[in-house]
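# What the coordinates show
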Amino acid sequence: MEILLLASGFNSLTQRVFAALRDRGHSVAVELALGDDAALRAALARLGPDLVIAPMLKRAIPADVWSSVTCLVVHPGPLGDRGPSSLDRAVQEGRSAWGVTVLQAEAEMDAGPVWASVECELPPRGKSDLYRGEVADAALEAVLLAVDRCASGTYEPLSQDTPQIRARVATRPLLRQEERRIDWQRDTTAEVLHRLRAADSQPGVLDEIGGVEWFLHGGHEEDRLRGTPGELLAARTGAVCRATVDGAVWIPQLRARRRPGGPPPFALPATLALAHAARGRPERRLPPLPEAPAALELGPERRTWSDIRYQEVGEVGLLWFAFPSGAMSTHHCRRLLAAYREACRRPTSVLVLGSPRDFFGNGIHLNVIEAAPDPAAESWANINAIDDVVEAVLTTTDRLVVAALGGNAAAGGVMLAQAADEVWCRRGVVLNPHYRLMGLSGSEYWTYSLPRRVGPAEAARMLDAALPVGAERALDLGLVDRILGCAPQDFAGAVIRSAQRLAASSGSQARAARKKADLDRRQAEKPLHAYREEELARMHAIFFDQDHPYHALRRAFVRKEPPVTTPEHLRAYHRSAVSTSP
């Protein structure tokens, strides 16, 4: 079929649907719903799609559109659920089970005939993590089922006027800040976590710290620190710990409230945001918070937040990391490098570098760069810091290194994974192996690693196309070596079992022994440092040219400025990405 995706943004779910439909032989184009209905009508006239699917849409589809072509809307709620804050409310209410419904657009929002509905679990995680994990799994299953039913021409969607659905219909209003607000003097840790997790990416929870209003982003339990409810107790690698009536929570990121006429603020590591707000404003300066470091190896009994952890199971070492939004700042990269070197001192034969679930990595931290006094200098420091991590992985020759992707990866995060001996990912992961949409040429040794995996021609095509790649296609191309078909909550366990089998396999030691000879041979042909120097020369020219598009693109990305029109590389039909090789 020829399918048009209509979305308010080319977000993670839209990308996953885009990649999956292409992998199944459909032709797919994208039109962004930017408030210009004329542009949508023009796209329909130009493309003539068989079907319109809205994976993530914040506005109503015009009546003349849904009456002329079947339009399917993905609603992140179970059968009968209606309203704009479905998943937010489910998380804030502590629901353990939820669902996704694909319904046909009609005059009343979320009230059209149902083409598919799939249930899913909701473990105690942040909304955006769930949205990219369990909810996305259910959404894709429902979309593919609905597409097959549409293609059959014989399926009759289920009217919501039927008694069994009408009895379940519940329309709930937008979840506003009044309902999200935390009462630090009364709310328990569990209640605080529900509120924080329901708003972790957007919109955040509006609160006050030191007389200044902030949006709080993210929330994790703390099991030992205690204090007066509402008090800031400690800091840890950028996050702050705040006391509740019966415990404490870690809050990794803060975002300032927008000033009238000012630019849109953006989320930053909490301690950096507080320091940034106090520049030139001594009345906003808070007393120094004690740093409460977490051991790299935290026992399973600990319930505290740490973005880097090490675990050892027999011959397998596992270095887990999880940075908010997958962004890797200079500070993140330097700490990850130190942890990696420490892990390499352990007597293991397989070392896993991975994300237990959600993002693996998205490259340099554009928000931190934008907030820096000198963004060009911070860009340069950040790219060198992530290159140092990649170099350490590439030059590890005494054991096998596995990159384990429990969630999505983009740009430098994809290239970090390519440095490993093997790349494993969860089914449902989406990769964006390109840089050009940010105006960058890229580094992370991609000119060494990527052509070796996919070939020079495919590497060039991939970087130029700037399109998402699903897990199955990534396996076909050679971007990944193994797909683990499991739920997000089960990925870490599946990785451990697979890594143990790899460590016990008869050929693993011989393979590790060949690594140094292979690296020496390649170094003789062209040293690794030459790849890095060539990449960084181009990046340096970009970073320190204040007129280069990178700076405007970075600002627009960080401040979430919507594009004026649908990007050209999305507007045409993209045919099936299925390989025709034998």
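Further up the page is the structure itself.
Nothing here was measured: the structure is a model prediction, and the numbers come from that model. Residue numbering note: each chain is counted from 1, following its sequence as written. Only residues with pLDDT of 70 or above have their local features reported here, since the model is predicted, and side-chain atom pairs are shown and tallied only from 80 upward, although totals for entire chains, interfaces and linings are computed over all residues. Hydrogen atoms and water are omitted, and side-chain values are computed over all heavy atoms in the structure.

## Here we look at the sheet that holds strand 16 (residues 268–269)
- The strand order 9-10-15-16 describes an open sheet built from 4 strands, whose pairing is antiparallel. For this open sheet the edge positions go to strand 9 (205–209) and strand 16, each flanked by a neighbour on one side alone.
- Should DSSP find at least two bridges between two strands, the strands are regarded as paired. Secondary structure follows DSSP: runs of H or I at least 4 residues long count as helices, runs of E at least 2 residues long count as strands, and numbering of each begins at the N terminus. Taken together, the 2 bridges between strand 15 (residues 253–256) and strand 16 define a ladder with antiparallel strand orientation. Of the residues in strand 16, the one forming a bridge with L254 is L268.

## Observations concerning the packing of helix 15 (residues 446–454) against helix 20 (residues 528–543)
- Axis separation between helix 15 and helix 20 bottoms out at 8 Å; the angle between their running directions is 110°. The pairing of helix 15 with helix 20 is recorded here as roughly perpendicular in orientation. Facing W446, T447 and Y448 of helix 15, the residues of helix 20 in contact are L528, Y531, E535 and R538.
- A class-by-class count of the residues in the contact of helix 15 with helix 20 yields 4 nonpolar, 1 polar and 2 charged. Helix axes use the C-alpha atoms of the stretch in contact, all axes being lines fitted to C-alpha atoms, and the angles between their N-to-C directions lie in the range 0 to 180 degrees. Angles are sorted into four bins: roughly parallel if under 35 degrees, roughly antiparallel if over 145, roughly perpendicular if 65 to 115, and oblique for all others. Every residue pair with non-hydrogen atoms within 4.5 Å of one another is taken to be in contact. Note on residue categories: nonpolar means Ala, Val, Leu, Ile, Met, Phe, Trp, Tyr, Cys or Pro, charged means Asp, Glu, Lys or Arg, and polar means any other residue, Gly included.

## Notes on helix 10 (residues 270–277)
- For helix 10, every residue scored as buried is listed here: A270, A273, L274 and A277. For helix 10, the angular spread of buried residues about the axis comes to 95°, placing them on one side. Three labels apply to residues, based on accessible area from a 1.4 Å probe with only protein chains included: buried if under 20% of the type maximum, exposed if over 50%, partly exposed otherwise in between. Working definition: the arc comes from the directions between the helix axis and the C-beta atoms, pointing outward to the latter.

## Thoughts on the pattern of salt bridges
- Salt bridge, as used here: a side-chain nitrogen of Lys or Arg that lies within 4 Å of a carboxyl oxygen of Asp or Glu. Tallied over the entire structure, the rule returns 39 salt bridges.
- The shortest N-O distance in the salt bridge between E93 and R172 comes to 2.7 Å. Here R172 lies in the loop between strand 8 (170–171) and helix 8 (177–180) and E93 lies in the loop between helix 4 (86–92) and strand 6 (97–104), a separation of 79 residues in the sequence.
- The exposure class assigned to E93 is partly exposed, which follows from its relative accessible area of 40%.
- In this structure, the salt-bridge partner of R357 is E134, at a minimum N-O distance of 2.8 Å. With R357 in the loop between strand 19 (350–355) and helix 12 (366–371) and E134 in helix 6 (residues 134–152), this residue pair connects regions lying 223 residues apart in the sequence.
- When its relative accessible area of 7% is taken as the criterion, E134 is described as buried.
- Via salt bridges that share partners, D81, E93, R95 and R172 belong to a single interconnected network.

## Brief notes about the pairing of strand 12 (residues 232–236)
- Most of strand 12 sits out of view: 5 of its 5 residues are buried.
- Strand direction decides the pairing type here: strand 12 and strand 13 (residues 239–243), joined by 4 bridges, are antiparallel. Within the sheet, the bridge partner assigned to R236 lies in strand 13 and is A239.

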